Amino acid sequence: MNRFFLIALLALLISTFARAQEASSTTTYDLYISDTTVNYTGKVRHAMAINGQIPGPVLHFREGDTAVIRVHNTMMHESSVHWHGLLLPNEMDGVPYLTTPYIKPHSTFTYKFPLRQSGTYWYHSHTMLQEQSGLYGSIVIHPRDKKPLADEEVVLLFSDWSNEKPHEILKTLRRNDGGSEWYSIKKGYPQSLDKLIQHKAWGERVKGGLERMPPMDLSDVLYDRFLLNGQPKVDLSHLKPGSTVRLRVINGSSSTYMYLQYAGGKMELVSADGIDVQPVQIDRILIGIAETYDFVIRVPMHGRYELRATAQDVSGYASAYIGHGDTIAAPTIPRPNVWKMSEMMMGMAVNMPGQMDHGNMKGMEGMDHSGHGMKMDMDMPMDHSKHMMGKDTMKMDMDMPMNHSKHSLKKDTGMVVFNYNMLRALAPTTFDSSKPVRKMTLRLTGNMYRYVWSINNVPLSKADKIAIKRGEVVEVTLKNETMMNHPMHLHGHFFRVLNEQGDYSPLKHTVDVPPMTSITIVFDAVEDKDWFFHCHVLYHMMSGMGRIFHYEGSTRDTVLQAFPLKKLLKEEKEWFFYGSVAAKSHIAELQANYINLNNAFRVEADANYSGQYEIEGSYERYINGWLRPYVGFSATRQEYFNVFNNRKLFEQDFSLPVVGLRYTLPFFVEADLRVNLKGRVRLQLEGEQWLLPRLFLNWRANTDWEYHTDLLYMLSKRFSLSAGYDSRYKFGGGLVMRF
């Protein structure tokens, strides 16, 4: 008996030790960051890779393990890696100058942290614009004690690619001299007068112009390719017919929301941002940047079915093909009516869990503000009701059984388009009611004309940290006052997205806030130190839309003493140099600008071939989005006619300084009031009208009775043909080159 007892005890100890060893196992990866080249479009372009590939490798872990990830930076410039959505120690979060030292060139940094969760996540660089160049990859953390929901699983990481350098993209977005319109032209969405008239949208554009609201668009950037696991198309024919598959879908794009739709009909959504939810059947979903969703589908017995991710502006897509046989294409998303603001607003508010902000709906008479804030136009690509039968309702192949799980929340046979109200947690997500609650409103704001993005009209570099206390519950109302979607991401925390599910509102780490809507998120303040909160549109973040949540009483890690926070804040203050030169039959012209978030140095010069010229230089400081005082100089040598002696004479004038004010009026008319050293006052107005898709009218007039008009025809992003009249230099034309 004693022997049997000892043997049983020994077996128990061995088993316990084995389980302890298993529970505390370590998973190690080595990631090598390097410069490389890619060719997605027939053109070789610079990129950045992880372990020689784009995207980087899928990192597989198990819940409860310890992750050890050695990141080797082989490049000539600094880098970083952020583990998006993971709950980890502050110093491992991977935001240079805020939480973690940057990875120096030709050096290695080791990230080590416990894995306190399971689900689908991803990683990416948090240094400047490196994410756009290819530094991103996916993470799968498998649950320790849970059976798989499907027979097989596949990771699908979507991204966007441009042949332009990311810095050039941001410069294009920042310039307001005509170069940025090229993206809209190439997409087929020019906001020209003829298109506005064609779409009966002239009235809306006038109202928008009166409020200094730029023309509508769904996405800022023109992309050359949309990729899925680094390729435009992915073949998943290896999946067994009839089996169920868990699709781990990640939107790793830099600035593109993606519509996801499956040719096989409904997808069963089972997880959002890594956390399992009550399964729900959907037909279409708009996935915000940095969000992750898991779906369960069944592999068809016959046919090759397309799973398509379409860019929100319908400028392209990437696809995965599931099954064997004849190809069945996913439904095509109709192109949006970007000229009609009321229709655009409906198409952008897909994920909206509540009502639109009626106070922000100026000039939008085309919308129905009743109920949940939308009136359905059957020509619109999106169906915003939960159960309405849409135009894209599909006839199903009998070999494609849907996943009618007995646990599914929805079993509609009609077209079901996802919104956040459909997300229901598996268990109550409420926090301890005895905890104090701190409430705040963060207004998502920006100046699209200048491409400056902010929160409460203040960019990150000018804002104080948001102080919170450990042990309290923080309730944040996000009020989007702009005309673009903003995917807001909080590092190191999950938050409740308050929706119709009440106590079962879902937990997420990234939330889409559609235009002119408010969404409330709530999180438990259980961490310490500083955590980044920002828009995950890369170019919005880099232009000021971010904040830092700071736990009161905590101090920065001593390892960060050599990495001052002001370096992070300087990223949005980057300087850009742009302008144009023109060689015309009657004059030569130069415009040069050196600008950042708050400042601008500008030079304008023109001259003819008989010795006349005018040169102006200035430094201006932005007081707000529209007003900027300046100081500068002017030099002129102009010909005029003296009626008293019937002779042509030259006037020369050199004035230093010139002091003035510039102000952007409605319709983006630039007003310039200045006085020179001799007391001479001049008021000048100038503006631009978009006439035809590639044709623009520029004009300028001042109180010196000088006026100038130009017709510009855009040949490409860099070059335009020009023809016009100048009161000093008469008629002429030529070539304009932008730089």
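Residues numbered from 1 in each chain as written. Predicted model: local features only at pLDDT ≥ 70, side-chain atom pairs only at ≥ 80, totals over all residues. Heavy atoms only, no water.

K.L.:
Tell me about the overall build of the protein, and name the residues and values.
P.N.:
A count of helices and strands for the protein gives 8 helices and 43 strands. Counting across all 739 residues of the protein, residues that qualify as buried make up 58%. Contacts in the protein between residues at least 24 apart in sequence constitute 67% of all its contacts with a sequence separation of at least 6. As presented, the protein carries roughly 30,400 Å² of accessible surface, and 57% of it is formed by carbon and sulfur atoms. (Helix = DSSP H or I, 4+ residues; strand = E, 2+ residues; numbered from the N terminus. Buried < 20%, exposed > 50% of the residue type's maximum accessible area, 1.4 Å probe, protein only. Contact = heavy atoms within 4.5 Å. Areas by Shrake-Rupley, 256 points an atom, 1.4 Å probe, with all protein chains shown as cover.)

K.L.:
Account for the sheet that holds strand β2 (residues 45-50), naming residues and giving values.
P.N.:
Taken together, the 4 strands give an open sheet; going across it, the order is β2-β1-β4-β6, and neighbouring strands pair in mixed fashion. Sheet topology places β2 and β6 (107-114) at the edges, where each strand pairs with a single neighbour. With strand direction ignored, the average angle separating the axes of adjacent strands in the sheet is 15°. The pairing of strand β1 (residues 26-38) with β2 spans 6 bridges and is antiparallel. Residue pairing across strands places V38 opposite R45, the latter belonging to β2. (Pairing = 2+ DSSP bridges. Axes fitted to C-alpha atoms, helices over the stretch in contact; angles between N-to-C directions.)

K.L.:
How would you explain the environment of A47 if you had to name every residue and give the values?
P.N.:
If you trace the backbone, A47 turns up in strand β2. Its relative accessible area of 0% is what places A47 among the buried residues. With 114 residues separating them along the chain, A47 and W161 place their C-alpha atoms 9.9 Å apart. Each residue touching A47, except ones within four places of it in the same chain, is listed here: S34, D35, T36, T37, V38, I54, S133 and W161.

K.L.:
Quick rundown of the pairing of strand β8 (residues 136-142)? Include the residues and the values.
P.N.:
Extensive coverage of β8 is indicated by the burial of 6 of its 7 residues. Pairing of strand β3 (residues 59-62) with β8 involves 4 bridges; the strand directions are parallel. For R62, the partnering residue across the bridge sits in β8 and is H142.

K.L.:
Can you break down the sheet that holds strand β27 (residues 507-508) residue by residue, with the values?
P.N.:
Sheet architecture is open: 6 strands sit in the order β22-β21-β24-β29-β26-β27, paired in mixed fashion. Both outer strands of the open sheet, β22 (452-455) and β27, are each paired with one neighbouring strand and no more.

K.L.:
Explain the pattern of salt bridges to me, using residue names and the numbers behind them.
P.N.:
Following the criterion strictly, the structure yields 37 salt bridges and no others. When the shortest N-O distance is used, the salt bridge between D313 and K187 registers 2.9 Å. One end of the pair, D313, is in the loop between β18 (303-311) and β19 (317-324); the other, K187, is in helix α3 (residues 181-187), with 126 residues separating them in the sequence. An identical accessibility class is assigned to D313 and K187; each is buried. Across the salt bridge formed by D672 and R662, the nearest N and O atoms sit 3.2 Å from each other. With D672 in strand β38 (residues 669-675) and R662 in strand β37 (residues 647-665), the pair connects residues that are 10 residues apart, well separated along the chain. (Salt bridge = Lys/Arg side-chain N within 4 Å of Asp/Glu carboxyl O.)

K.L.:
Outline unusual backbone geometry, listing residues and values.
P.N.:
For the bond from I54 to P55, the omega torsion is -5°, close enough to zero to count as cis. Take P55: it is sitting in the loop between β2 and β3. Although it is not a glycine, F667 adopts a positive phi angle of roughly 65°. Relative to the helices and strands, F667 is located in the loop between β37 and β38. In the Ramachandran plot, W705 falls in the positive-phi region, its phi being about 65° despite a non-glycine side chain. Examined against the element boundaries, W705 turns out to sit in the loop between β40 (695-702) and β41 (707-714).

K.L.:
Explain helix α2 (residues 166-174) to me, and be specific about the residues and the numbers.
P.N.:
Judged by how many residues are buried, α2 sits mostly within the fold: 8 of 9 residues are covered. Along α2, the residues classified as buried are P166, E168, I169, L170, K171, T172, L173 and R174. Tucked inside the fold, the buried residues of α2 contact α3, α7 (538-541), β32 (576-584) and β33 (588-595).

K.L.:
I'd like to hear about helix α5 (residues 202-210), residue by residue, with values.
P.N.:
When we look at burial in α5, the residues that qualify are E204, R205, G208 and G209. The arc enclosing the buried residues of α5, seen along the axis, measures out at 135°, which places them on a common side. Just past α5, the residue R212 takes up positive phi, approximately 55°. (Arc of directions from axis to C-beta.)

K.L.:
Tell me about the environment of P89, and name the residues and values.
P.N.:
Tracing the sequence through the fold places P89 in the loop between β5 (82-84) and β6. In this view, P89 contacts F113, P114 and W531; residues no more than four positions away in its chain are not counted.

K.L.:
Account for the packing of aromatic side chains, naming residues and giving values.
P.N.:
The full count for this structure, using the stated rule, is 28 aromatic pairs. Between the aromatic rings of Y189 and W339, the centroid separation amounts to 6.1 Å while the plane-to-plane angle is 75°, which identifies the pairing as edge-to-face. With a gap of 150 residues between them, Y189 in the loop between α3 and α4 (193-198) and W339 in the loop between β20 (327-328) and α6 (341-348) connect regions that are remote in the sequence. Both residues of the pair, Y189 and W339, count as buried. Both rings, one in F523 and one in F549, keep their centres 5.4 Å apart while their planes meet at 80°; by these two values the pair is edge-to-face. One end of the pair, F523, is in strand β29 (residues 518-524); the other, F549, is in strand β31 (residues 546-551), with 26 residues separating them in the sequence. Of the two residues, F523 and F549, both sit in the buried class. Feature note: the residues W83, F109, Y111, F113 and Y123 constitute an aromatic cluster, connected by ring pairs. (Phe/Tyr/Trp six-rings, centres within 6.5 Å; stacked < 30°, edge-to-face > 60°.)

K.L.:
Account for a positive patch on the surface, with residues named and values stated.
P.N.:
Together, K462, K566, K567, K570, K573 and R621 make up a positively charged patch on the protein surface. A total of 3 residues in the positive patch trace back to one element, the largest contributor, which is helix α8 (residues 565-570). Counting through the fold element by element, R621 comes out in strand β35 (residues 613-621). Assessed through its relative accessible area of 35%, R621 is described here as partly exposed. (Patch = residues over 30% accessible without salt bridge, like charges linked within 9 Å, V, L, I, M, F, W, Y side chains within 5 Å. Lys, Arg positive; Asp, Glu negative; His and termini not counted. Charge placed at Lys NZ, Arg CZ, Asp CG, Glu CD.)

K.L.:
Give me the confidence of the model for the protein: which residues, what numbers.
P.N.:
Low-confidence regions, as indicated by low pLDDT, have predicted coordinates that should not be scrutinised in detail. Averaged over all residues, the pLDDT of the protein equals 87, while 85% of them reach at least 70. Note that pLDDT drops below 50 for residues 354-413; the model gives that stretch 153 contacts with residues more than four away or on any other chain. (pLDDT = per-residue confidence, 0-100.)

K.L.:
Mind laying out the layout of surface pockets, listing which residues take part and the relevant values?
P.N.:
Considered as a void within the structure, the second largest pocket measures approximately 980 Å³ in volume. Considering the residues around the second largest pocket, the lining is formed by 35 residues, among which G446, N447, M448, N457 and W626 are closest to the centre. When contributions to the lining of the second largest pocket are tallied by element, the ones reaching two or more residues are β21 (437-447) and β22. Among the residues making up the lining of the second largest pocket, the classes are represented as 17 nonpolar, 11 polar and 7 charged. (1 Å grid on protein atoms, 1.4 Å probe; cavity = no way out; pocket = protein on both sides within 12 Å on 5 of 7 lines; lining within 4 Å. Points joined across faces, edges and corners; volume = space filled by probe spheres on them. Nonpolar A, V, L, I, M, F, W, Y, C, P; charged D, E, K, R; others polar.)

K.L.:
Give a description of the side chain of N599 that names residues and reports values.
P.N.:
By the element assignment, N599 lies in strand β34 (residues 599-607). Once residues within four sequence positions are removed from consideration, N599 is found in contact with W575, Y594, Y619, E620, R621 and Y622.

K.L.:
Let's hear about the pairing of β41: which residues, and what values?
P.N.:
Alternating residues of β41 divide into H708, D710, L712 and M714, all buried, and Y707, T709, L711 and Y713, none buried. As paired strands, β40 and β41 are joined by 7 bridges and run antiparallel to one another. Note on β41: the bridge partner recorded for N698 is D710. In this structure, the hairpin formed by β40 and β41 is closed by a connection of 4 residues, where W705 is found at a positive phi of approximately 65°.

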